[in-house]
Amino acid sequence: MEQRVSLITIGVADLEAAAAFYEALGWQRVETPEGIVVFDLIGQALGLYPLAALAADIGVPQERLGHGAVTLSHNLSSPEAVDALLERAGSAGADILRSGHEVFWGGYIGYFRAPDGSIWEIAHNPFSALGPNGEFRWNGYG
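Rules used in this analysis
Residues numbered from 1 in each chain as written. Predicted model: local features only at pLDDT ≥ 70, side-chain atom pairs only at ≥ 80, totals over all residues. Heavy atoms only, no water. Salt bridge = Lys/Arg side-chain N within 4 Å of Asp/Glu carboxyl O. Helix = DSSP H or I, 4+ residues; strand = E, 2+ residues; numbered from the N terminus. Buried < 20%, exposed > 50% of the residue type's maximum accessible area, 1.4 Å probe, protein only. pLDDT = per-residue confidence, 0-100. Arc of directions from axis to C-beta. Contact = heavy atoms within 4.5 Å. Polar contact = N/O pair within 3.5 Å; in protein donor to acceptor, adjacent residues only side chain to side chain. Pairing = 2+ DSSP bridges. Axes fitted to C-alpha atoms, helices over the stretch in contact; angles between N-to-C directions.

Participant: Could you give me a rundown of the pattern of salt bridges, with the residues and numbers involved?
Facilitator: A complete count under the given rule lists three salt bridges for this structure. In this structure, the salt-bridge partner of Arg 29 is Glu 16, at a minimum N-O distance of 2.7 Å. Taken together, the residues span a long stretch of sequence, with Arg 29 in the loop between helix H1 (15-24) and strand E2 (37-40) and Glu 16 in helix H1 at a distance of 13 residues. Classification of Arg 29 as partly exposed rests on a relative accessible area of 36%. Note on Glu 16: relative accessible area 44%, which makes it partly exposed.

Participant: Let's hear about the confidence of the model for the chain: which residues, and what values?
Facilitator: Per-residue confidence for the chain averages 91 on the pLDDT scale, and 98% of its residues sit at or above 70. Here helix H3 (residues 62-65) stands out as the element of the chain with the lowest mean pLDDT, 88, in contrast to strand E5 (residues 95-102), whose mean of 97 is the highest.

Participant: So what's going on with H1? Which residues, and what values?
Facilitator: Within the span of H1, buried status applies to Leu 15, Ala 18, Ala 19 and Tyr 22. Down the axis, H1 shows its buried residues gathered within 100 degrees of arc, on one side only. Its buried side turned inward, H1 meets strand E1 (7-12), E2 and strand E3 (45-50). Where H1 begins, one side-chain oxygen reaches toward the backbone nitrogen of Glu 16, 3.3 Å away; that side chain belongs to Asp 14. Positive phi shows up at Gly 26, right after H1, with a value of about 105 degrees.

Participant: Lay out the side chain of His 101 in plain terms, naming residues and giving numbers.
Facilitator: Mapped onto the elements of the fold, His 101 is located in strand E5. A distance of 2.8 Å separates the side chain of His 101 from the backbone oxygen of Ser 99, its partner in a polar contact.

Participant: I'd love a proper account of the environment of Gly 107, names of residues and values included.
Facilitator: Turning to its location among the elements, Gly 107 is positioned in the loop between E5 and strand E6 (108-113). Each C-alpha atom, one on Gly 107 and one on Ala 123, is 7.3 Å from the other, the two residues being 16 residues apart in sequence. Setting aside chain neighbours within four positions, we find Gly 107 in contact with His 101, Glu 102, His 124 and Pro 126.

Participant: Go over the sheet that holds E2 with me, naming the residues and quoting the values.
Facilitator: In space, the seven strands of this open sheet follow the order E2-E3-E1-E4-E7-E6-E5, with mixed pairing throughout. Both outer strands of the open sheet, E2 and E5, are each paired with one neighbouring strand and no more. Strand-to-strand twist of the sheet, defined as the mean angle between neighbouring strand axes without regard to direction, takes the value 20 degrees. Helix-sheet contacts for helix H2 (residues 51-58) involve E1, E3, strand E4 (70-75), E5, E6 and strand E7 (119-124), and the interaxial angle to E3 is about 95 degrees. Relative to E6, helix H4 (residues 79-91) is tilted by about 10 degrees, and along the sheet it contacts E4, E5, E6 and E7.

This is the structure:
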């Protein structure tokens with residue numbers, strides 16, 4: 001696994017209130033599908049996502065996430081790379097919460113819980129091509 005974070009997703013109770021907070025700090029939203037708010041950062045992005053939807057994506061009851069649930073996302077160039085990294089994480093002691101699978105928006109994702117409890121989304125987003133050094137932007141490079 002390369003030493004980087006692509007997308008930080010924060011599960012929130014009130015999507016618009018959370019977005020307003022970051023906008024008040026001077027951040028600007030990028031274009032996204034309805035139901036998620038994203039801010040491009042330097043070399044990564046921060047996403048705000050409804051807590052209930054996040055729990056459903058992971059495949060666990062919302063109560064199991066606790067308060068302030070966060071997933072750290074690591075984007076890769078192919079679905080095969082997602083599967084390989086999930087397998088490697090499992091071999092290293094991670095709890096695979098959901099195997100790699102296609103999602104409604106056209107991507108491919110899976111989830112694991114690291115031994116420290118952090119939840120990672122391993123993703124391939126065909127609409128967000130990675131930069132030459134693996135840099136991530138919500139709408140891609142190139």
